[in-house]
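# Residue-level structure breakdown
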Amino acid sequence: MKKTLNKIALSLLFISAQGVQAVEPQTIELAKSADSYQLELVARGIQIPWGMVWLNDKELLVTDRSGQLRLIKEGKLIDKPIEGVPEVHAERQGGLLDIEIDPNFDKNGWIYFSYSGFEGKEKGSNTSIMRARLKDMKLIDKQLIFDGYPNTERAFHFGSRIEFDKDGYLYFSIGDRGNRDVHPQRLDHDAGKIHRINADGSIPESNPFAKQKDARKSVYSYGHRNPQGMAMHPETGEIWTHEHGPRGGDEINIIKPGRNYGWPVITYGINYNGTKITDETSRTGMQQPDWVWVPSIAPSGMAFVTSDKYPHWQGHLVVGAMKFAHLVLVELDGNKVVGHSKLFEGAGRVRSIATHPNGDLYLGIDGSGIYKVVPKTK
């Protein structure tokens with residue numbers, strides 16, 4: 001196992017400004033660092049830990065996709081779930097999804113979370129964003145700040161990661177809701193988009209389509225399939241996402257305002273039955289991804305490593321690979337993706353990633369538990 005970590009063949013495509021280039025098998029020195037760390041179990045009892053966020057250095061909030069919001073305090077899972085969670089459409093890919101705290105959480109106490117909600121006049125559900133405060137294991141002062149339009153009875157591709165940028169804008173993703181030929185390219189539909197709103201749910205006047213007729217004002221970029229990873233680059237402040245392709249074609253994208261990311265007009269993936277979706281992998285006016293995985297890894301969770309506790313990984317990106325049951329270390333050279341390596345092979349479906357205030361990395365693994373990445377003991 002250790003030898004395979006030292007030399008990993010990359011069956012991927014590298015997307016550069018010059019176009020698509022095949023990446024030859026190569027040695028990634030960063031892969032060796034996997035031997036220095038191990039996963040330490042923190043808590044069990046959360047079946048699908050979709051999102052995690054630290055409230056402070058002792059309390060970790062975790063969403064269970066089934067609809068429960070759980071608190072881990074000083075390393076122990078509190079038996080009783082938090083009360084006051086709204087009704088969620090907990091079917092297939094839907095449920096209680098991501099969670100984040102306000103940049104000024106210490107002063108205002110706002111907690112933000114996404115879920116597949118039944119709000120709206122149409123039948124079915126869509127991705128909703130709510131904020132609330134936590135008091136005595138109950139959500140109080142609840143405010144619905146976004147309600148995705150239109151609802152659908154399909155239970156696929158809700159997105160949905162949420163992230164604040166340095167200016168306090170709130171970004172979140174909504175997948176194409178299982179209807180790729182309708183939603184992603186229509187600006188009057190919320191699905192298949194990255195959205196940007198103010199913390200109170202109002203629309204920033206600088207949004208790219210804020211003044212465009214017949215467009216959803218919160219849309220920041222469009223043409224997305226199902227983004228389930230989002231993180232702000234700690235130096236540039238840019239919002240990075242990754243998203244599920246179909247069969248092949250998982251992508252990393254640096255989000256630019258008003259840009260069309262192409263789905264389903266262009267893609268590096270194919271249908272699950274092996275047939276083509278399109279003959280086009282590029283088109284004028286559509287963004288190329290910054291990285292493509294072929295075959296798909298089913299990415300989920302995403303975080304920039306900023307702590308010197310992981311010196312080999314510092315300045316790079318980690319992504320959960322649910323399909324192959326490991327963590328992916330995405331190697332960066334400045335603002336460019338240049339390679340990747342596998343960490344903790346066989347760990348399980350890494351669903352979520354959170355960074356403790358002291359820099360420690362925590363992983364939420366489906367059906368297994370919450371783990372802390374620690375130095376390997378001799």
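Since this is a predicted model, take the numbers as computed values, not measurements.

The next subject is the UniProt feature "domain: Glucose/Sorbosone dehydrogenase" (unreviewed entry) in the protein chain. Within this structure's numbering, the places UniProt gives as "domain: Glucose/Sorbosone dehydrogenase" (unreviewed entry) are residues 47–367. Helix and strand shares over residues 47–367 are 1% and 40% respectively, and the end C-alpha atoms of the span are 5 Å apart.

Let us look at the packing of aromatic side chains. Taken as a whole, this structure holds 11 aromatic pairs when the rule is applied. When the ring of Trp54 is compared with that of Tyr362, the centres are 5.0 Å apart and the planes differ by 70 degrees; the resulting orientation is edge-to-face. Placement of Trp54 in strand E4 (residues 49–54) and of Tyr362 in strand E25 (residues 361–365) is noted, with a sequence separation of 308 residues between them. Across the pair, exposure class does not vary: Trp54 and Tyr362 are buried alike. Taking the centre distance of 5.4 Å and the plane angle of 85 degrees together, the rings of Trp240 and Phe304 count as edge-to-face. Taken together, the residues span a long stretch of sequence, with Trp240 in strand E17 (residues 239–243) and Phe304 in strand E20 (residues 299–304) at a distance of 64 residues. The pair formed by Trp240 and Phe304 is uniform in burial state, with each residue classed as buried. Of note, Arg133 hangs over the ring of Trp110, and the distance from its end group to the ring centre comes to 3.8 Å. Arg196 extends its terminal NZ or CZ atom over the ring of Tyr169, reaching a point 4.1 Å from the ring centre.

Note that Pro295 resides in the loop between strand E19 (291–293) and E20. As a C-alpha pair, Pro295 and Ser368 span 73 residues in sequence and 25 Å in three-dimensional space.

Turning next to unusual backbone geometry. For the bond from Trp263 to Pro264, the omega torsion is -5 degrees, close enough to zero to count as cis. Within the element layout of this structure, Pro264 appears in the loop between strand E18 (250–254) and E19. Cis rather than trans, the peptide bond between Val294 and Pro295 has omega equal to 5 degrees. Here the phi dihedral of Arg177 falls at roughly 60 degrees; this positive angle occurs in a residue that is not glycine. The residue Arg177 is located in the loop between strand E13 (170–174) and strand E14 (193–197) in this model. Classification of Arg177 by relative accessible area gives buried; the value is 1%. Positive phi, close to 60 degrees, is recorded for Ala325, a residue that is not glycine.

Take the side chain of His340 next. With respect to the helices, strands and loops of the structure, His340 is situated in strand E23 (residues 336–343). In this structure the side chain of His340 is engaged in a polar contact, spanning 3.0 Å, whose partner is the side chain of Trp293.

Pairing is antiparallel across the open sheet formed by 4 strands, whose spatial order is E12-E13-E14-E15. Looking along the sheet, the strands with just one partner apiece sit at the ends: strand E12 (162–164) and strand E15 (219–222). In this sheet, neighbouring strand axes are inclined to one another by 20 degrees on average, regardless of whether the strands run parallel or antiparallel. As paired elements, E12 and E13 share 3 bridges and run antiparallel to each other. Counted as the bridge partner of Phe164 is Leu170 from E13.

Our focus in this paragraph is the pattern of salt bridges. In a structure, side chains of opposite charge can pair up when their charged atoms sit close to one another. Under the definition given, this model contains 15 salt bridges. One salt bridge in this structure joins Arg216 and Asp190, with 2.9 Å as the shortest N-O distance. With Arg216 in the loop between E14 and E15 and Asp190 in the loop between E13 and E14, this residue pair connects regions lying 26 residues apart in the sequence. With relative accessibility at 0%, the residue Asp190 sits in the buried group. Overlapping salt bridges bring together Lys309, Asp360 and Lys372 as one network.

Side chains on a regular strand alternate between the two faces of the sheet. Burial within strand E22 (residues 326–333) is extensive, with 6 of its 8 residues counted as buried. Inspection of the sheet shows strand E21 (residues 317–321) paired to E22 by 5 bridges, in the antiparallel sense. In the sheet register, Val318 faces E22, and the bridge partner there is Leu329. Where E21 folds back on E22, the antiparallel hairpin that results is connected by 4 residues, among which Ala325 adopts a positive phi of roughly 60 degrees. The antiparallel hairpin formed by E22 and E23 contains 2 residues in its connecting segment, where Gly334 sits at a positive phi of about 65 degrees.

Right, let's get into the sheet that holds E20. Whether parallel or antiparallel, the strands of a sheet pair through hydrogen bonds between backbone atoms. One open sheet accounts for 4 strands, arranged E20-E21-E22-E23; its pairing is antiparallel. Two strands in the sheet have a free side with no partner beyond their single neighbour: E20 and E23. Sheet twist, expressed as the mean angle between neighbouring strand axes with direction ignored, is 25 degrees. With 5 bridges connecting them, E20 and E21 associate as antiparallel partners. Across the sheet, Pro299 pairs through a bridge with Ala321, a residue of E21.

This part covers the pairing of E13. In terms of residue burial, E13 counts as a mostly covered element, since 5 of its 5 residues are buried. Here E13 shows two buried faces, one formed by Leu170, Phe172 and Ile174 and the other by Tyr171 and Ser173. Where E12 hands over to E13, the hairpin turn is made up of 5 residues, of which Gly168 adopts a positive phi near 85 degrees. Looking at chain direction, E13 and E14 are connected through 5 bridges and run antiparallel.

The rules we used
Residues numbered from 1 in each chain as written. Predicted model: local features only at pLDDT ≥ 70, side-chain atom pairs only at ≥ 80, totals over all residues. Heavy atoms only, no water. UniProt positions renumbered as here; feature names shortened; annotations may be inferred. Helix = DSSP H or I, 4+ residues; strand = E, 2+ residues; numbered from the N terminus. Phe/Tyr/Trp six-rings, centres within 6.5 Å; stacked < 30°, edge-to-face > 60°. Buried < 20%, exposed > 50% of the residue type's maximum accessible area, 1.4 Å probe, protein only. Lys NZ or Arg CZ within 6 Å of the ring centre and 35° of its normal. Polar contact = N/O pair within 3.5 Å; in protein donor to acceptor, adjacent residues only side chain to side chain. Pairing = 2+ DSSP bridges. Axes fitted to C-alpha atoms, helices over the stretch in contact; angles between N-to-C directions. Salt bridge = Lys/Arg side-chain N within 4 Å of Asp/Glu carboxyl O.

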